[in-house]
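Observations on the three-dimensional arrangement
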Amino acid sequence: MLDVDGCLTDGKITYDSNGIESKSFDVKDGLAIATWIRMGKKVAIITGRSSTIVEKRAKELGISHLYQGIKNKKQKLDELLKELNLDYSHVASIGDDLNDYHMLKSANLSFTPKNGSNEIKKIVDVILSKDGGNGAVREMIEYILEKDDTKQRFLSQWI
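Note that the structure is predicted; figures quoted are calculated from it, not measured.

1. Details of the sheet that holds strand S6 (residues 109-112)
- With respect to topology, three strands assemble into an open sheet ordered S5-S6-S7, the strand pairing being parallel. The sheet is open, and its two borders are formed by strand S5 (92-94) and strand S7 (126-127), each paired with just one other strand.
- With two bridges connecting them, S6 and S7 associate as parallel partners. Pairing of Thr112 across the sheet is with Ile127, part of S7.
- Along the sheet, helix H7 (residues 136-147) contacts S5, S6 and S7; its crossing angle with S6, the most-contacted strand, is approximately 150°.

Below, the structure is given as structure tokens:
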């Protein structure tokens, strides 16, 4: 489970003079996510904000479970797990701020970027060395691949 602002992005929201929003995504995160999906793994984005930019990025990466404008992320994740006939033992999650707290506490394996909030750093399993939007999601996926001894399978998608 992925949060967007502060995890897939650096958390900054930029508006131009016409009110058009922009976000930046790290291509290394994108490659890792797309490869993860090619390996048959599931990815979900649950984010508190709504943005056509996030919708476009999710589509580019092949993420079919996209939930935007969600105030209670844990409740939405509960619903998704029920729909997929999974439980929290199958969940790794990344979040960076208080609205991710309950979802992260429930996950089997939880992560926050290096620049995650202090309260979130107190409860997660792994504090990543990368900031959000700068390869934190890639680092999370690589951590899981090492832990599950599936790194070679990941690499074989490319080399």
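2. Notes on H7
- Between its first and last C-alpha atoms H7 spans 16 Å; for 12 residues at 1.5 Å apiece the expected length is 16 Å, and the two agree.
- When we look at burial in H7, the residues that qualify are Ala136, Val137, Met140, Ile141, Ile144 and Leu145.
- Structurally, H7 contributes buried residues whose contacts are with helix H1 (4-8), helix H2 (27-38), S5, S6 and helix H8 (151-155).

3. Re the pattern of salt bridges
- Summed over the entire model, instances satisfying the criterion amount to 12 salt bridges.
- A salt bridge links Glu119 to Lys122; the shortest N-O distance between them is 2.9 Å.
- On the basis of relative accessibility, which here comes to 62%, the residue Lys122 falls in the exposed class.
- Glu142 is the salt-bridge partner of Arg138, the closest N and O atoms lying 2.8 Å from each other. Separated by four residues within a single helix, Arg138 and Glu142 lie in helix H7, roughly one turn from each other.
- One network of salt bridges, with partners in common, ties together Asp5, Glu21, Lys23 and Arg49.

4. What to know about a nonpolar patch on the surface
- Taken together, the side chains of Leu31, Trp158 and Ile159 define a hydrophobic patch exposed on the protein surface, amounting to about 350 Å² of accessible area.
- Note that Leu31 resides in helix H2.
- The exposure class assigned to Leu31 is partly exposed, which follows from its relative accessible area of 32%.

5. Re the packing of aromatic side chains
- Applying the stated criterion across every chain, the model contains one aromatic pair.
- A centroid spacing of 5.4 Å and a plane angle of 80° characterise the contact between Phe111 and Tyr143, whose relative ring orientation is edge-to-face. Taken together, the positions of Phe111 in strand S6 and Tyr143 in helix H7 put the pair 32 residues apart, joining distant regions of the chain.
- The exposure class of Phe111 is buried, given its relative accessible area of 0%.

About the thresholds
- Residues numbered from 1 in each chain as written.
- Predicted model: local features only at pLDDT ≥ 70, side-chain atom pairs only at ≥ 80, totals over all residues.
- Heavy atoms only, no water.
- Pairing = 2+ DSSP bridges.
- Helix = DSSP H or I, 4+ residues; strand = E, 2+ residues; numbered from the N terminus.
- Contact = heavy atoms within 4.5 Å.
- Axes fitted to C-alpha atoms, helices over the stretch in contact; angles between N-to-C directions.
- Expected span 1.5 Å × (residues − 1).
- Buried < 20%, exposed > 50% of the residue type's maximum accessible area, 1.4 Å probe, protein only.
- Salt bridge = Lys/Arg side-chain N within 4 Å of Asp/Glu carboxyl O.
- Patch = residues over 30% accessible without salt bridge, like charges linked within 9 Å, V, L, I, M, F, W, Y side chains within 5 Å.
- Areas by Shrake-Rupley, 256 points an atom, 1.4 Å probe, with all protein chains shown as cover.
- Phe/Tyr/Trp six-rings, centres within 6.5 Å; stacked < 30°, edge-to-face > 60°.

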